[in-house]
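Residue-level listing of the chains:
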2 protein chains.
Amino acid sequence: MRERLYIYDTTLRDGQQTQGVQFSTSEKTRIAEALDKLGVDYIEGGWPGANPTDSAFFEAAPKTRARLTAFGMTKRAGRSAENDDVLAAVMNAGTGAICLVGKTHDFHVTAALGITLEENLENIAASIAHLVAQGREALFDAEHFFDGYKANPDYALACLKAALGAGARWIVLCDTNGGTLPEEIARIVRAVIAAGIPGENLGIHTHNDTENAVAGSLAAIEAGVRQVQGTLNGLGERCGNANLTSIIPTLLLKEPFASAFDTGIDLEALTGLTRISRMLDDILNRVPMKQAPYVGASAFAHKAGLHASAILKDPTTYEHIDPGEVGNTRIIPMSNQAGQSNLRRRLAEAGLEVAPGDPALGRILDRVKAREDEGYAYDTAQASFELIAREELGRMPEFFEVKRYRVTVERRKNKRNRMVSFSEAVVVIKVDGQKHMSISDSVDASGSDRGPVNALAKALAKDLGRYSAIIDDMRLVDFKVRITQGGTEAVTRVIIDSIDGQGRRWSTVGVSPNIVDASFEALLDAIRWKLVRDVAPGALPDVAPVRAV
Amino acid sequence: MRERLYIYDTTLRDGQQTQGVQFSTSEKTRIAEALDKLGVDYIEGGWPGANPTDSAFFEAAPKTRARLTAFGMTKRAGRSAENDDVLAAVMNAGTGAICLVGKTHDFHVTAALGITLEENLENIAASIAHLVAQGREALFDAEHFFDGYKANPDYALACLKAALGAGARWIVLCDTNGGTLPEEIARIVRAVIAAGIPGENLGIHTHNDTENAVAGSLAAIEAGVRQVQGTLNGLGERCGNANLTSIIPTLLLKEPFASAFDTGIDLEALTGLTRISRMLDDILNRVPMKQAPYVGASAFAHKAGLHASAILKDPTTYEHIDPGEVGNTRIIPMSNQAGQSNLRRRLAEAGLEVAPGDPALGRILDRVKAREDEGYAYDTAQASFELIAREELGRMPEFFEVKRYRVTVERRKNKRNRMVSFSEAVVVIKVDGQKHMSISDSVDASGSDRGPVNALAKALAKDLGRYSAIIDDMRLVDFKVRITQGGTEAVTRVIIDSIDGQGRRWSTVGVSPNIVDASFEALLDAIRWKLVRDVAPGALPDVAPVRAV
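Just so we're clear, the structure is a prediction, and the values are computed from it rather than from any experiment.

Draft legend 1. The overall build of chain A, seen in detail. Within chain A, the secondary structure is distributed over 19 helices and 16 strands. Contacts spanning at least 24 positions in sequence make up 67% of the contacts within chain A whose residues lie at least 6 apart.

Right, here's the structure in full:
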């Protein structure tokens, strides 16, 4: 019989402390839904009242199986829990569980809060009792606990006991500054349990300042805690929080954890881990870390020649787990055998059934490989990948051809002496043997100039002859640009996300040293993908021959 | 009396197994010199004979205080050590120390090598004896040791004893597949020592496949090994090797290690760690990882409002070490969670001393807040933040004014019937009361068109009159674009990272519905920030009045 070990995710709260990270409300909702699908126990959504985004998130919180948790702090001294407005805002979010941070390090109580040690104990006990009286599950986040314990173990333990005595379900031991090493975490956890706080009421919350956040969490679990806190991809202030993307597969796949604990996450859900990790990077417009344990693109890439040949005989020779268990894939240079079966699965997902051994499979792999060397990224841009495959399979009609374009952006003072911009595009396209030329500006309904890519898109839409009506419901919803390496030089990679009136969402990619060209290429792919789906079969033009590239 | 603990760097050998990494000979030399200055004990330079770069590196190896070490493998079965050509190539590199990898996992001996267990023992003993006979320091790299020990402890130990008996100075325990957790590493190390291999002859070599490579190394040291292997920035195959950039400061600054061990690296050299880490990223043309422990740009960045205000009172409240000890710096970023006290701190770091209560502080915060609502992001773009503050403080000279610009991108077929692009910008600028107009294309040395932003940058650089020479060493190194919300409508946010010849790196931001405008705004900020620093005080123009925005 395995013991229950609880997973507490704080991507939406502590993860948002990452430099440069600011989730929108809808992004928070998307992430919460992904976490819920993965199967974590708690989703900490933010600090209601601390900023408008967090408040808005809780107001329209998604329905989750996981316990949605609001974060806040213990009441301040000199007022009751009932009359603390900061605490009231947290209560008003209406979540079933609430986690309140409080001081446990005597130095912080006196130096940072400027109150007595006794007042701090009373703040903890009264705040937790207030949550419990209101029927909420109460968690106490013991800030600076490990440093506090080292400085004054009796006081640090008294804080935990105040929370536990007031009815807290969980006492979370925080290594706030991230400087405590795993061995010391384990030793202190054992001491806390020996002092009478049961392991089934203890959680661990570590930071990665010495690159030991994952190990510190595992050490605490071995020492007896039964809740582990962390974030997806190790987001978080400074060097980040404990990385749940590494901890979860270790708990499910490695001993002594796999036999000892039930985390509530099953092996089937675990196969979605790589996808969730990439989705978060996508939301943040970050390049996914190739070396990331378990989920990185390089995590199962075998570069050394000796390793790669052994892997072909038996993958266990140089792999600690099967990459499929976390939804990742093995990369073996020059291995078309492994590559081709993956490829057939991806094509089938796009509705393209291809027989094993079809020579087009090798051509598609070669072309994708060559383009990835130029800086394209087909992991994200599934629609552009499909178009390449269709071309090699002879299943891609040539709807239109762009003969040339020109786009101008001008910025100068207007009559009211304000600097304003104006963009204009001219596009010449050949459709059904006829050349069309059209011109468009990029001024939107509110009168602002939306820039050169928008001007090109509008001109293109005018130009498409009988296809114009079909793309009428398309809209560009996201646009991500990165400088990346294309062969030996830096190039710009543009990923465009489009949606249409039927609720489809698809991603396309363009690469060029010139950002406008790269954007235009991604835009053309987006349109071509839409036309493949929506042009009536009878109205399809002839399939074009495979183009030389 | 502290015990000696040896640091063995394998950035140039195992680090080169990283996907996408291929050092040139001169890059290897540069890295070796930096490692030597840091004070590591061993620098593993590569595998002589395995590839031309490694052979060339050893042929003209730099003179180092550290022991330069060649890597190779034990002789093959059926020939003597003297007659093994692969081993001969390694010997011929002429290094004082040689590290030979050999099998210790019975499954690999029989399945991968296809030889008997006895033959493998003989290969190990004969190879090591050969090195020793030639007067070299011999290291035995025990491949798959931990997996091997778990499968067949007697055989795995027999391999180690064969190497030790033949005169190996070091037996390096490798967790080749990276799947062994720290607790298990410690347990097996203790068993090895109990079986008669002294800790002072043992090294540890871990990989980061479960994000525990650093912790595994530390656990092995606590269990008794006296050599630790790893790479700078955790380079290495798959998820990387143990990261020496994290291990070294932990060993020097944290207990129980700091009191117990002398690593040969002193605290003075440790202050060069951040610089070495960034230099390696620079050689690899990688964007340094902001969240990297100890050396990352975010490692001492305090975003949360409560943390930031406490840091101002006492940095130990939220920092586990003083950032200066590793040559890093504290960052208190601007964000809507920050208040006036951390604003003053941030300004002081930019050389702007402002008295508490100065009304400019409130104006700066208001303006930052208003701009963040429009989509700007100042916690990343510190340089743009500084310019806003300077304007509000009346300390921002108006170096130049852009009167207007126009940029055109054209794409059409060239004479050889290939689609090509051409961008051209016209910029009119007023400097020192004089209008300048200049025109530039954006064709680079290789003949490719770098796009409209590059054309604008080049035209601008021509135009800057007496400032042109100052910005000559500036280079744009990263360019990130996101669609974000600015008030009620979607806008484009551009973040530009620039570097200059003095090794500075700074980030600026621009926001507009028009991507070219947003890029141009970030570019102008980058130039203005550079001019503030590098224009001689006597040559500064008058400070402009605060501009209405």
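More follows now that the structure is in view.
Draft legend 2. Geometry of the sheet that holds strand 11 (residues 401–413) of chain A. Within the open sheet, the six strands sit side by side as 13(A)-12(A)-11(A)-11(B)-12(B)-13(B). Their pairing is antiparallel. Two strands bound the open sheet, and with one partner strand each, they are strand 13 (434–441) of chain A together with strand 13 (434–441) of chain B. Within the sheet, the average angular offset between the axes of one strand and its neighbour, ignoring direction, is 10°. Note: strand 11 of chain A against strand 11 (residues 401–413) of chain B, seven bridges, orientation antiparallel. Residue pairing in the sheet places A:Tyr405 in a bridge with B:Arg411 of strand 11 of chain B. Those strands touched by helix 18 (residues 452–463) of chain B are strand 11 of chain A together with strand 11, strand 12 (419–431) and strand 13 of chain B, and its axis lies near 35° from that of strand 12 of chain B.

Draft legend 3. Geometry of the pairing of strand 13 of chain A. All names here are of chain A. Here strand 12 (residues 419–431) pairs with strand 13 via eight bridges, running antiparallel. Note on strand 13: the bridge partner recorded for isoleucine 429 is histidine 436. Linkage of strand 12 to strand 13, two consecutive antiparallel strands, is achieved through a turn of two residues, within which aspartate 432 is found at a positive phi near 50°.

Draft legend 4. Quick peek at the interface of chain B and chain A. Chain B puts 86 residues into the contact, and the matching count from chain A is 83 residues. The element contributing the most residues to the side of chain B that touches chain A is strand 11 of chain B, with nine residues. A class-by-class count of the residues in the side of chain B that touches chain A yields 30 nonpolar, 31 polar and 25 charged.

Draft legend 5. Representation of the sheet that holds strand 6 (residues 137–143) of chain A in the model. All names here are of chain A. Here we have eight strands rolled up into a closed barrel, ordered 2-3-4-5-6-7-8-9, and parallel in their pairing. Neighbour-to-neighbour, the strand axes of the sheet open up by a mean angle of 25°, direction not taken into account. Pairing between strand 2 (residues 6–9) and strand 9 (residues 227–230): four bridges, direction parallel. Considered in strand 9, the bridge of tyrosine 8 is made with glutamine 229.

Draft legend 6. How the structure looks around the domain arrangement of chain A. What the domain assignment lists for chain A is domain 1 (3–265), domain 2 (335–395 + 474–549) and domain 3 (400–463). If you average the C-alpha positions of domain 1 of chain A and of domain 3 of chain A, the two centres end up 52 Å apart.

Draft legend 7. Structural detail: the nonpolar core. Membership of the largest hydrophobic core comes to 196 residues, with the highest contact counts inside it found for A:Phe140, A:Ile171, A:Leu173, B:Phe140 and B:Ile171. Discounting chain neighbours no more than four positions away, the residues touching A:Ile171 are A:Phe140, A:Ala142, A:Leu160, A:Ala163, A:Leu164, A:Ile197, A:Asn201, A:Leu202 and A:Gly203.

Draft legend 8. The arrangement of unusual backbone geometry in detail. Residues and elements named next belong to chain A. The omega angle of the peptide bond from glutamate 255 to proline 256 is 10°, so this bond is cis rather than trans. Secondary-structure assignment places proline 256 in the loop between helix 10 (244–253) and helix 11 (257–260). Backbone geometry at histidine 144 places phi at a positive 55°, although glycine is not the residue there. Mapped onto the secondary structure, histidine 144 falls in the loop between strand 6 and helix 6 (145–151). Here the phi dihedral of glutamate 211 falls at roughly 65°; this positive angle occurs in a residue that is not glycine. Looking at where glutamate 211 falls in the secondary structure, it is placed in the loop between strand 8 (202–205) and helix 9 (213–223).

Draft legend 9. Inspection of the UniProt feature "domain: Pyruvate carboxyltransferase" (unreviewed entry) in chain A at higher detail. In the numbering used here, UniProt assigns the feature "domain: Pyruvate carboxyltransferase" (unreviewed entry) to residues 5–271 of chain A. End-to-end, the C-alpha atoms of residues 5–271 of chain A are 20 Å apart, and along that stretch the chain is 43% helix and 17% strand.

Draft legend 10. Structural view of helix 13 (residues 273–284) of chain A. All names here are of chain A. Between its terminal C-alpha atoms helix 13 stretches 17 Å, which fits the 16 Å expected from 12 residues at 1.5 Å a residue. Buried within helix 13 we find Leu273, Thr274, Ile276, Ser277, Arg278 and Leu280. Of the surrounding elements, those touching the buried residues of helix 13 are helix 1 (25–38), helix 10 and helix 12 (267–270). The first or second residue beyond helix 13 is asparagine 285, which carries a positive phi of 55°.

Draft legend 11. Structural context of the environment of B:Leu235. Residue and element names in this part refer to chain B. Positionally, leucine 235 belongs in the loop between strand 9 (227–230) and helix 10 (244–253). By C-beta crowding, leucine 235 is classed as buried, having 26 other C-beta atoms within 10 Å. Distance in space between the C-alpha atoms of leucine 235 and lysine 161 is 31 Å, their sequence separation being 74 residues. When near neighbours in sequence (up to four residues on either side) are disregarded, leucine 235 contacts Thr11, Gly15, Thr18, Val21, Gly240 and Asn241.

Draft legend 12. Up close: the confidence of the model for chain A. Confidence along chain A averages 91 in pLDDT terms, with 95% of residues attaining 70 or more. Both scores are given for the predicted complex: the pTM is 0.76, the ipTM 0.77.

Draft legend 13. Just the pairing of strand 9 of chain A, in detail. All names here are of chain A. Neither face of strand 9 is open: one carries Gln227 and Gln229, the other Val228 and Gly230, and all of them are buried. Taken together, the three bridges between strand 8 and strand 9 define a ladder with parallel strand orientation. The residue bridging glycine 203 from the neighbouring strand is glutamine 227, located in strand 9.

Draft legend 14. Structural context of helix 7 (residues 153–165) of chain A. Residue and element names in this part refer to chain A. Here helix 7 spans 18 Å end to end across 13 residues, near enough to the 18 Å set by a 1.5 Å rise per residue. Along helix 7, the positions that sit buried rather than exposed are Ala156, Cys159, Leu160, Ala162, Ala163 and Leu164. Each element contacted by the buried residues of helix 7 is listed here: strand 5 (97–103), helix 5 (117–133), strand 6, helix 6, strand 7 (170–174) and helix 8 (182–194). After helix 7 finishes, the residue glycine 167 shows a positive phi value of roughly 110°.

Draft legend 15. Quick peek at the packing of helix 18 of chain B against helix 19 (residues 515–534) of chain B. Residues and elements named next belong to chain B. The contact between helix 18 and helix 19 brings their axes to 10 Å, and the two run at 40°. With respect to each other, helix 18 and helix 19 are oriented oblique. Considering how the two elements wind past one another, helix 18 and helix 19 form a crossing that is right-handed. Contacts between helix 18 and helix 19 involve Pro452, Val453, Leu456 and Ala457 from the former and Val516, Ser519, Phe520 and Leu523 from the latter. Among the residues making up the contact of helix 18 with helix 19, the classes are represented as seven nonpolar, one polar and no charged.

Draft legend 16. Up close: the environment of A:Leu5. Residue and element names in this part refer to chain A. Tracing the chain through its elements places leucine 5 in the loop between strand 1 (3–4) and strand 2. The exposure class assigned to leucine 5 is buried, which follows from the 20 C-beta atoms found within 10 Å. For the pair formed by leucine 5 and alanine 156, sequence separation is 151 residues and the distance between their alpha carbons is 24 Å. Sequence-distant contacts of leucine 5, defined by excluding residues within four places in its chain, comprise Ile221, Arg226, Val228, Leu251, Phe261, Asp262 and Thr263.

Draft legend 17. Structural context of the environment of A:Ile265. Residue and element names in this part refer to chain A. Locating isoleucine 265 in the fold gives a position in the loop between strand 10 (261–262) and helix 12. Sequence separation of isoleucine 265 and alanine 97 is 168 residues, and the distance between their C-alpha atoms is 20 Å. Once residues lying within four places of it in the same chain are set aside, the contact partners of isoleucine 265 are Ile7, Leu38, Gly39, Ile248, Leu252 and Leu270.

Draft legend 18. Region of interest: the packing of helix 17 (residues 382–392) of chain B against helix 19 of chain B. Residue and element names in this part refer to chain B. Two elements in contact, helix 17 and helix 19, have axes separated by 9 Å at closest approach and are oriented at 65°. Relative to helix 19, the element helix 17 lies roughly perpendicular. The handedness of the crossing between helix 17 and helix 19 is left-handed. Where helix 17 approaches helix 19, its residues Ala383, Ser384, Glu386, Leu387 and Arg390 are matched on the opposing element by Asp525, Ala526, Arg528, Trp529 and Val532. Classifying every residue of the contact of helix 17 with helix 19 by side-chain character gives five nonpolar, one polar and four charged.

Calculation rules
- Note that residues are indexed from 1 along each chain, following the sequence as it is written.
- Lettering of chains starts at A and numbering of ligands starts at 1, both following the order in which they are written.
- Local features are withheld for residues below a pLDDT of 70 in this predicted model, meaning they are given only at 70 or higher, and side-chain atom pairs are given and counted only at 80 or more; totals for whole chains, interfaces and linings count all residues.
- Strands here are runs of E lasting at least two residues and helices are runs of H or I lasting at least four, both read from the DSSP assignment and numbered beginning at the N terminus.
- Contacts are defined on C-beta atoms placed from the backbone: any two residues whose C-beta positions lie within 7 Å are in contact.
- Should DSSP find at least two bridges between two strands, the strands are regarded as paired.
- Axis definition: a line fitted to C-alpha atoms, over the contacting stretch in the case of helices. Angles run 0 to 180 degrees between N-to-C directions.
- Under the scheme applied here, ten amino acids are nonpolar (Ala, Val, Leu, Ile, Met, Phe, Trp, Tyr, Cys and Pro), four are charged (Asp, Glu, Lys and Arg), and all others, including Gly, are polar.
- Where each domain begins and ends follows an automated or database-derived domain assignment.
- For the purposes of this analysis, a nonpolar core is taken to be any set of buried Ala, Val, Leu, Ile, Met, Phe, Trp, Tyr and Cys residues that are connected through C-beta atoms within 7 Å.
- Burial is judged by counting the other C-beta atoms within 10 Å of a residue's own C-beta: 20 or more makes it buried, 12 or fewer makes it exposed, and any count in between marks it as partly exposed, with every C-beta position built from the backbone.
- UniProt positions are given in the numbering used here, feature names are shortened, and annotations may be inferred rather than shown by experiment.
- The span one expects for a helix is its residue count, reduced by one, times 1.5 Å.
- The predictor attaches a confidence to each residue, and that confidence, scored 0 to 100, is pLDDT.
- Each angle receives one of four descriptions, namely roughly parallel if under 35 degrees, roughly antiparallel if over 145, roughly perpendicular if within 65 to 115, and oblique otherwise.
- Here a crossing is called left-handed whenever its near helix is offset anticlockwise from the far helix by less than a right angle, and right-handed whenever the offset is clockwise.

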